[in-house]
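Fold and geometry: a report
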Amino acid sequence: MAAKAESSHPSPARQLIYKLGVGVHPMVKQTLDAEGWREWTEEDGEGWNLQWKSARYSAREYEDAQPWQMLNHIPRSTGITRKDSLCRVMKKMRKVYGNVYSFCPLSFIIPTESPKFHEEYERTVVEDAVWICKPSDSSRGRGIYLFKSLDDLQYDATCVVQRYIDRPLTISGYKLDMRLYVLVTSFRPMTVFLYREGLARFGTEPYQLDDITRPYAHLTNTSINKLNPETDKQDEVSGAGCKWTIRQLRQHFRTEGLDDARIWRRVSNLVIRTLLAVADQVPTVTSCFELYGFDVMLDAELKPWLIEANFSPALGLDCQQDRDVKIPLIRDTIKALNYEASHEQQLEHQRAARPSSGRKRQSATTQPHLPVEVGGFSRIFPFNRQTLAATSGPRPPDIRLVLKEVARVSKLAKDSASDQSSLIDAEGGDHVTWYLPSM
């Protein structure tokens with residue numbers, strides 16, 4: 001069996017090979033081709049290096065993956081990517097760990113939690129509260145609507161009802177949210193990279209709370225706003241395609257005198273805490289990674305709110321901002337997987353760490369690949385020795401220790417009044433990676 005694996009392992013001199021599943025956007029193929037890869041054929045057998053699918057993998061596919069092969073999804077890491085399961089896990093985390101998990105809007109799973117929602121609705125009716133209803137397993141803004149009266153709540157499947165963020169940050173009167181890209185290369189230890197670029201997505205009608213029936217004012221999904229016949233008139237606000245890049249947004253923050261560094265520290269903390277919520281559910285596996293699309297909204301006080309986390313985020317290229325962000329994103333994702341390392345060294349290293357059962361599980365002594373930056377990605381976790389140790393090894397992650405370190409280092413960063421890419425943690429003696437370096 002070992003001889004067979006040895007013979008099918010591609011040598012460093014050979015061209016890297018990718019396999020694509022059904023429905024993967026052509027841009028992935030085009031980007032890999034441009035980087036010198038070639039597409040798998042049946043003649044290659046098991047000699048591929050990367051498999052990329054929009055759908056989930058089976059347990060057998062993870063079992064069969066060789067040490068030099070990578071799958072683009074991590075098993076059991078999608079507990080935050082359905083609206084109902086995200087609601088469930090965030091409630092659990094807030095109950096256990098307190099207000100550090102107050103970055104999700106108040107939410108209820110309907111019909112399961114209808115009695116609790118009705119109780120909250122009656123309590124807030126004097127506030128003239130606005131609620132938003134979302135189907136639990138849909139995307140691109142489909143089926144979403146706002147309501148004030150219980151009589152307007154209509155559903156024919158499981159949905160999530162949330163307290164609407166009615167005082168969002170606006171720019172020139174238009175509401176926006178952010179699509180941020182998060183790459184997780186491991187949950188043991190938890191290793192998280194945040195892409196420095198992303199997309200700010202605007203509504204295409206001025207935001208006004210007195211009319212909640214206008215989707216182009218209240219929803220920022222591009223798939224909805226591109227249907228607005230008035231979209232082309234919004235170029236002076238959001239550019240073609242009703243989008244800015246995150247680089248443009250951050251420059252706007254600085255121009256307006258907003259504390260850009262503090263905003264991004266808070267956003268990074270939100271990402272770390274969200275991923276911690278599923279870290280103990282993920283088995284210790286190698287040969288896989290996950291690219292999430294996090295949707296985050298800032299309110300008028302610049303507090304970041306997690307709207308949702310997306311499995312297989314859309315890679316469509318509808319405008320120049322999409323091309324400027326998503327093509328480099330895929331290229332840098334591949335770069336972060338460390339295919340430039342010697343395949344022979346990688347094979348020997350993982351063979352030595354492989355348990356006798358034959359499962360491809362990472363040993364606690366394996367040294368992870370933890371660059372501070374790869375292309376446009378910046379590592380936001382682990383950010384010191386304590387957080388590395390807290391999520392390493394076969395035991396469940398020490399979430400309390402990690403949350404304590406996140407709070408401590410965030411205060412250290414704030415007190416440093418610095419916008420540098422790193423700082424020295426005098427207490428821990430560590431070189432701490434900064435949350436998002438200046439652009």
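Considerations on the pairing of strand 11 (residues 190–202)
Where burial is concerned, most of strand 11 is hidden: 13 out of the 13 residues are buried. Here strand 10 (residues 174–187) runs beside strand 11; their pairing, made up of 10 bridges, is antiparallel. The residue of strand 11 that forms the bridge with Arg179 is Leu199. Between the end of strand 10 and the start of strand 11, which pair antiparallel, lie 2 residues. Of the strand pairs in this sheet, strand 11 and strand 16 (residues 377–381) are connected by 4 bridges, and their pairing is antiparallel. Note that in strand 16 the partner of Tyr195 across the bridge is Phe377. Pairing of strand 11 with strand 12 (residues 243–245) involves 3 bridges; the strand directions are antiparallel. Pairing of Leu199 across the sheet is with Thr245, part of strand 12.

Some thoughts on the side chain of Asn225
Tracing the chain through its elements places Asn225 in helix 7 (residues 222–225). Residue classification places Asn225 among the buried residues on the basis of a relative accessible area of 0%. A polar contact of 2.7 Å, which involves the side chain of Asn225, links it to the side chain of Thr204.

Looking at the confidence of the model for the chain
For the chain, mean pLDDT is 85; residues scoring 70 or higher make up 81% of the total. Mean pLDDT values for the elements of the chain range from 38 in helix 1 (residues 2–8) up to 98 in strand 13 (residues 290–298). Confidence over residues 1–13 falls short of pLDDT 50; this stretch has 19 contacts with residues more than four positions distant or in other chains. For residues 356–366, every residue scores under 50 in pLDDT, and the model assigns this stretch 24 contacts once sequence neighbours within four places are set aside.

Procedures and definitions
- Residues numbered from 1 in each chain as written.
- Predicted model: local features only at pLDDT ≥ 70, side-chain atom pairs only at ≥ 80, totals over all residues.
- Heavy atoms only, no water.
- Buried < 20%, exposed > 50% of the residue type's maximum accessible area, 1.4 Å probe, protein only.
- Helix = DSSP H or I, 4+ residues; strand = E, 2+ residues; numbered from the N terminus.
- Pairing = 2+ DSSP bridges.
- Polar contact = N/O pair within 3.5 Å; in protein donor to acceptor, adjacent residues only side chain to side chain.
- pLDDT = per-residue confidence, 0-100.
- Contact = heavy atoms within 4.5 Å.

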